[in-house]
Amino acid sequence: MEKVTHGRIIGIDVSRDWLDIHWLPDGQRHRIPNTDNGHVAVSDLAHDQRAVVCFEATGGQEWRLWSYLQDAGVEARQVPPAQVKAFARSLGTRAKTDRIDAELIARFLVFRPEAGRTLPAEHLRLLRALTTRRAQLVEMRKRLLAQIRAHRKSGTAELFEDIDVELKERLDVAITELESRISELLGRYRHLADTARILRSVPGIGPVASSTLIAELPELGALTGEEAAALTGLAPVAQDSGTLRGKRAIAGGRRALRHVMFQAALVASHHNPTLKAFADRLRKAGKPHKVIVTAVARKLVIIANALCKSRREWEHRHP
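Residues numbered from 1 in each chain as written. Predicted model: local features only at pLDDT ≥ 70, side-chain atom pairs only at ≥ 80, totals over all residues. Heavy atoms only, no water.

- The chain is annotated in an unreviewed UniProt entry as Transposase from Salipiger profundus.

Quick look at the structure:
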């Protein structure tokens, strides 16, 4: 435990109904309901133990607990599941239960005391909720359009036309309303509005990419370019051993942001003069399309981070 620089650690495996707790160095375990009373109990325990609380990102199940602990003055960290999983493999742990996960999360923070992120501000949490919901509805509309095309091919389009038209109209309206709310929220805070303006000055980064970058990567501008690419899951991971040099591949990161940046890269590789030239060089070198798009997306994130750090807009420099 000599690596721990901030005292005791409480690892929590968060599920919809339960909080499985393991605290170090005592090694004690406990299970409490994932309710308001349960959150009070975790806060009391953290204060009593003078402990840092940590848990994985679990698709939002942890947000209410996280918010309560923040308000109660407890230091709480959200740690990346992929890193905890890799840590478990390094220990040779194959079994998986809620109690084992809680212990692994705690021991991971012992190993990496600097890991994890603190709770974003409330307006950033709201922005993330809005951008996430928009992405979900866009995906629903995409699937609906695929179903409509399938109906047309099978000659059954007329059977479902009324339903399909109504569903698409509702999705269109809901998506437009969410985009309006996102725009209004960004405009309400000067720093967010300035950041959105800086990001949208980059050819290839539009309203969706800029709002998603702000929501999913609030650390933007406070990172190195390599850190920004890694958090987005766009940094190449080496696969080398001895004299063997394997292919580099991307891994981990924030999936929702990575997906949006791939879309932005497709636009930038055709309409951003600098990144178009970069993509053309890779294309002439015989690189596959996916490799090119990934490389352009990585450069976009690095550029966005640099501009946010310097608080200046994009300027194309002719060679």
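Read on for the rest.
## With respect to the overall build of the chain
In step 1: Scanning the chain for helices and strands turns up 12 helices and nine strands.
In step 2: Classification of the 319 residues of the chain by burial places 40% in the buried group.
In step 3: Intrachain contacts of the chain at a sequence separation of at least 6 include 62% that bridge at least 24 residues.
In step 4: With the model as given, the accessible surface of the chain reaches about 18300 Å², and the carbon-plus-sulfur share is 53%. (Helix = DSSP H or I, 4+ residues; strand = E, 2+ residues; numbered from the N terminus. Buried < 20%, exposed > 50% of the residue type's maximum accessible area, 1.4 Å probe, protein only. Contact = heavy atoms within 4.5 Å. Areas by Shrake-Rupley, 256 points an atom, 1.4 Å probe, with all protein chains shown as cover.)

## Regarding the sheet that holds strand 5 (residues 76-79)
In step 1: Taken in spatial order, the five strands make up an open sheet running 3-2-1-4-5, and their pairing is mixed. The open sheet has two free edges, formed respectively by strand 3 (28-33) and strand 5, since each of these has just one partner strand. Sheet twist, expressed as the mean angle between neighbouring strand axes with direction ignored, is 25°.
In step 2: In terms of strand pairing, strand 4 (residues 51-56) meets strand 5 through four bridges, oriented parallel. (Pairing = 2+ DSSP bridges. Axes fitted to C-alpha atoms, helices over the stretch in contact; angles between N-to-C directions.)

## As for the nonpolar core
In step 1: Among the nonpolar cores identified, the biggest contains 49 residues, and L199, I205, L213, I214, M261, V296 and L300 are the most heavily contacted of them.
In step 2: Of all the elements in the fold, those that place two or more residues in this core are helix 5 (122-154), helix 6 (157-188), helix 7 (190-200), helix 8 (207-216), helix 10 (255-271), helix 11 (273-284) and helix 12 (289-310).
In step 3: When residues of this core are assigned to their parent elements, the largest contribution, 11 residues, is made by helix 12.
In step 4: With sequence-adjacent residues up to four places away left out, L300 is seen in contact with V202, P203, I205, M261, A264, A265, A268 and L275.
In step 5: Membership of the second largest hydrophobic core comes to 20 residues, among which are V14, L19, L45 and V74. (Core = buried A, V, L, I, M, F, W, Y, C linked by side-chain atoms within 4.5 Å.)

## Quick word on the pattern of salt bridges
In step 1: Summed over all chains, the structure comprises 19 salt bridges.
In step 2: Two residues, E75 and R77, come together in a salt bridge whose shortest N-O distance is 3.0 Å.
In step 3: The buried category is assigned to R77, whose relative accessible area is 10%.
In step 4: Between E216 and R128 there is a salt bridge, with its nearest N and O atoms 3.6 Å apart. On the criterion of sequence distance, the pair formed by E216 in helix 8 and R128 in helix 5 is long-range, its members being 88 residues apart.
In step 5: The network of salt bridges with common partners includes R29, E103 and R107. (Salt bridge = Lys/Arg side-chain N within 4 Å of Asp/Glu carboxyl O.)

## A few points about the packing of helix 10 against helix 12
In step 1: Two elements in contact, helix 10 and helix 12, have axes whose closest approach is 8 Å; the angle formed by their N-to-C orientations is 100°. Taken together, the axis directions place helix 10 and helix 12 in an arrangement best described as roughly perpendicular. Together, M261, F262, A264, A265, L266, A268 and S269 of helix 10 and H289, V293, T294, V296, A297, L300 and V301 of helix 12 make up the contact between the two elements. (Parallel < 35°, antiparallel > 145°, perpendicular 65-115°, else oblique.)

## A few points about the side chain of H39
In step 1: Mapped onto the elements, H39 comes out in helix 1 (residues 36-49).
In step 2: If sequence neighbours within four positions are ignored, H39 has contacts with L19, N34, R64, L65, Y68 and L69.

## Quick notes on helix 1
Each full turn of the α-helix corresponds to 3.6 residues, which orients residues three or four apart in the same direction.
In step 1: Taking 1.5 Å of rise per residue, the 14 residues of helix 1 would be expected to cover 20 Å, and the 20 Å separating its terminal C-alpha atoms lies within 8% of that figure.
In step 2: Listed as buried for helix 1 are G38, H39, V42, S43, L45, A46 and Q49. For helix 1, the angular spread of buried residues about the axis comes to 165°, placing them on one side. Facing away from the buried surface of helix 1 by more than 90 degrees, the exposed residues are D36, N37 and D48. (Expected span 1.5 Å × (residues − 1). Arc of directions from axis to C-beta.)

## Details of a nonpolar patch on the surface
In step 1: On the surface, L159, F160, I163 and L167 cluster together into a nonpolar patch covering about 390 Å² of accessible area.
In step 2: Relative to the assigned elements, L167 resides in helix 6. (Patch = residues over 30% accessible without salt bridge, like charges linked within 9 Å, V, L, I, M, F, W, Y side chains within 5 Å.)

## Looking at the side chain of T294
In step 1: Looking at the secondary structure, you find T294 in helix 12.
In step 2: With relative accessibility at 9%, the residue T294 sits in the buried group.
In step 3: From its side chain, T294 meets the backbone oxygen of K290 in a polar contact 2.8 Å long. (Polar contact = N/O pair within 3.5 Å; in protein donor to acceptor, adjacent residues only side chain to side chain.)

## Quick word on the packing of aromatic side chains
In step 1: Throughout the structure, instances matching the rule amount to four aromatic pairs.
In step 2: Taking 5.2 Å as the distance between ring centres and 50° as the angle between the ring planes, the aromatic pair formed by W63 and W66 counts as tilted. Of this pair, W63 and W66 both sit in helix 2 (residues 63-71), three residues apart, which is roughly one turn of the helix. Accessibility assignment for this pair places W63 and W66 in one class, buried. (Phe/Tyr/Trp six-rings, centres within 6.5 Å; stacked < 30°, edge-to-face > 60°.)

## Looking at helix 12
In step 1: End to end, helix 12 covers 32 Å across 22 residues, agreeing with the expected 32 Å (1.5 Å per residue, within 8%).
In step 2: One or two steps after helix 12, the chain reaches R311, where phi turns positive at roughly 55°.

## Here's the deal with the pairing of strand 5
In step 1: In strand 5, alternate side chains face the same way, and those of A76 and Q78 on one face and R77 and V79 on the other are all buried.
In step 2: Chirality of the crossover, the property in question, places the unit of strand 4, helix 2 and strand 5 among those that are right-handed. (Right-handed = clockwise from strand over helix to strand, strands pointing away.)

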